[in-house]
Amino acid sequence: MVIRGSARKQHDMAFLPILLVLLLSVARRASCQDYDEEGSSSVPRGCGWGLVRPYTLLCDLDSIWGVAVESVAAGGALASVLLGLVLLCRLRHVSEAEKRSGVGPILLLLLGILGLFGLSFAYLIEQDEQLCLLRRALWGLLFAVCFSCLLVQGVRLRRLGRERRSPGGCALTGLALGLSAVQGIIAAEWLLLTVLREGRAACQYLPLDFSLACSYVLALLLAALAAAGLALCGKTRQWRCNAIWLLVACLLSLLLWVAWVGFYLYGNAWLGRSPDWDEPALAIALVAQGWLLLLFHAVPEAHCCLRPPPQPTAPDYFDTSQNSSRMRETSFDEDIPLSHRQFVENQGYNFDDNTAGLRSGGGHHNGNTGPRPSAPFRSNVYQPTEMTMILNGGAVPSAPPTYTGRQLW
């Protein structure tokens, strides 16, 4: 009896955990049904159990623009990181000082582009007070970093085109950071005046105020466009291709800014979508600007920096298409030292004396008994070499006008 009672007691103890698990599963199912009945409309199609509010735009298939912006921004961020790593790994192979000076602004530009892509995700999340502060603070600052890099690149290419030298990479990077800090001060003052002093919510601001707060950024872009135009007028053609890419990037950026500012201020109101399409317009402007700078400036400039210098080509002596008259135009006296040149001139005087003696000695003598020309006479006869005949196309060239005899030493 004791054994049977103990066995029954153990059976009851083993049944208690199973009953507890069943009760928990039933309660969870009941809660899920209540949630589906009450808040099924709050979970969009495509999110499921993964993401809930306020992150539903990241997976909402009904608002496809959020998924598209998320995908394009993630691809741009990955491309920026990879390009920056390639530049850092290949930096030691860049031996020319003119190319190394442009690596610092490129890396800073890639950092700004990465910030643009990251900030676009903030517009895919529902508005919050801290999130709105982050948007307003970083919007103008990140654009200022990117356009300051374009401006210092224009200054660098202008110096290379005129003086064939450039400021250091650290100096250019410091100049870009200093220009960007001005926009940071402007954004901080705007937030202090509107949020702390007037007591407004960070998410409540007029589109015109937002656009006017970015006027300094637009001034940086116009200055970069002017610097690119001046760099294109340089004397050195080596950096003209870089100036063209910079000019194209600045022009496209200016057109993009005119488009999104016009749509943000007037297009939404004209279409009747003023509050709903504000955030999509800003997110698309961020992603478009990031890809534009990445494709039209960062990638060509990085390719130019990493490209090896051209190797000097040896002259082809067997190319008969070259002009043979350039050998006649070459002054051989420039390569003869002064002491050797004096010796050749003395030999020329001896040749004049010998020829005068031959003329005074009478007529022409045949045979071995006649006077033979001396060594200076034979040394002053132009004897072309085999290489000279090859360069001349097979014809025997005439002596150069400045030829004074073979160099005897």
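In what follows, the structure referred to is the one given above.
Residues numbered from 1 in each chain as written. Predicted model: local features only at pLDDT ≥ 70, side-chain atom pairs only at ≥ 80, totals over all residues. Heavy atoms only, no water.

J.: I'd like to hear about the pattern of salt bridges, residue by residue, with values.
T.: This structure, assessed with the given rule, holds three salt bridges. For R135, the salt bridge is made with E279, and the minimal N-O distance between the two is 3.2 Å. Here R135 is found in helix α5 (residues 129-163), whereas its partner E279 is found in helix α10 (residues 278-306), with 144 residues between them in sequence. The same class applies to R135 and to E279, which are both buried. Note that R156 and E301 form a salt bridge whose closest N and O atoms lie 3.1 Å from each other. Of this pair, R156 sits in helix α5 while E301 sits in helix α10, and the two are 145 residues apart along the sequence. In this structure R156 comes out as buried when scored by relative accessible area, which is 0%. Here E301 falls in the buried class, since its relative accessible area comes to 2%. (Salt bridge = Lys/Arg side-chain N within 4 Å of Asp/Glu carboxyl O. Helix = DSSP H or I, 4+ residues; strand = E, 2+ residues; numbered from the N terminus. Buried < 20%, exposed > 50% of the residue type's maximum accessible area, 1.4 Å probe, protein only.)

J.: If you had to explain the side chain of Q289 to someone new, which residues and values would you point to?
T.: Take Q289: it is sitting in helix α10. Among the polar contacts listed, one links the side chain of Q289 to the side chain of S253, at a separation of 3.0 Å. Apart from residues no more than four positions distant in its own chain, Q289 is found in contact with L116, F143, F147, S253, L256 and W257. (Polar contact = N/O pair within 3.5 Å; in protein donor to acceptor, adjacent residues only side chain to side chain. Contact = heavy atoms within 4.5 Å.)

J.: Account for the environment of L293, naming residues and giving values.
T.: Relative to the elements of secondary structure, L293 occurs in helix α10. On the accessibility criterion, L293 (0% relative accessible area) is buried. Taking the C-alpha atoms as reference points, L293 and V248, 45 residues apart in sequence, are found 9.9 Å from one another. Every residue in contact with L293, bar those within four places of it in the chain, is listed here: L109, I113, C146, L150, S253 and A298.

J.: Residues and numbers for the packing of aromatic side chains, please.
T.: With the rule as written, the count across this model stands at 15 aromatic pairs. Relative to W260, the ring of W139 lies with its centre 5.3 Å away and its plane at 70 degrees, an arrangement referred to as edge-to-face. Here the residue W139 occupies a position in helix α5, and W260 occupies one in helix α9 (residues 240-271), the gap between them amounting to 121 residues. Of the two residues, W139 and W260, neither departs from the other in class, the shared state being buried. (Phe/Tyr/Trp six-rings, centres within 6.5 Å; stacked < 30°, edge-to-face > 60°.)

J.: Explain the environment of K235 to me, and be specific about the residues and the numbers.
T.: Take K235: it is sitting in the loop between α8 (215-232) and α9. Residues K235 and R162 lie 73 residues apart in sequence; the distance between their C-alpha atoms is 6.0 Å.

J.: Lay out the nonpolar core with the relevant residues and their values.
T.: Grouped together as the largest cluster of nonpolar side chains are 68 residues, with contacts concentrated most on W139, F143, F147 and W260. Within the residue set of this core, elements represented by two or more residues are α2 (64-89), α4 (103-122), α5, α6 (169-197), α8, α9 and α10. At 14 residues, the largest contribution of residues to this core is made by α5. With sequence-adjacent residues up to four places away left out, W139 is seen in contact with L119, Y123, F210, C214, W260, L282, A285 and L286. (Core = buried A, V, L, I, M, F, W, Y, C linked by side-chain atoms within 4.5 Å.)

J.: For the packing of α2 against α10, give the residues involved together with the corresponding values.
T.: Two numbers describe how α2 lies on α10: the axes approach to 10 Å, and their chain directions differ by 25 degrees. In terms of orientation, α2 lies roughly parallel with respect to α10. For the element pair α2 and α10, the recorded crossing hand is left-handed. Facing α2, whose interface residues are W65, V69, V72, A73, G75, G76, A79, S80, L83, V86 and L87, α10 presents P280, A283, I284, V287, W291, L294, A298, V299, A302 and L306. Its residues assigned to classes, the contact of α2 with α10 comprises 18 nonpolar, three polar and no charged. (Axes fitted to C-alpha atoms, helices over the stretch in contact; angles between N-to-C directions. Parallel < 35°, antiparallel > 145°, perpendicular 65-115°, else oblique. Left-handed = near helix turned anticlockwise from the far one by under 90°. Nonpolar A, V, L, I, M, F, W, Y, C, P; charged D, E, K, R; others polar.)

J.: Tell me what's going on with the side chain of T194, and back it up with residues and numbers.
T.: Structurally, the position occupied by T194 is in helix α6. In terms of polar contacts, T194 uses its side chain to reach the side chain of R136, at 2.9 Å. Once residues lying within four places of it in the same chain are set aside, the contact partners of T194 are R136, G199 and R200.

J.: Outline α5, listing residues and values.
T.: In this model, α5 (35 residues) spans 51 Å end to end at C-alpha, consistent with the 51 Å of a helix rising 1.5 Å per residue. Just beyond α5, the residue with positive phi is R164, at close to 60 degrees. (Expected span 1.5 Å × (residues − 1).)

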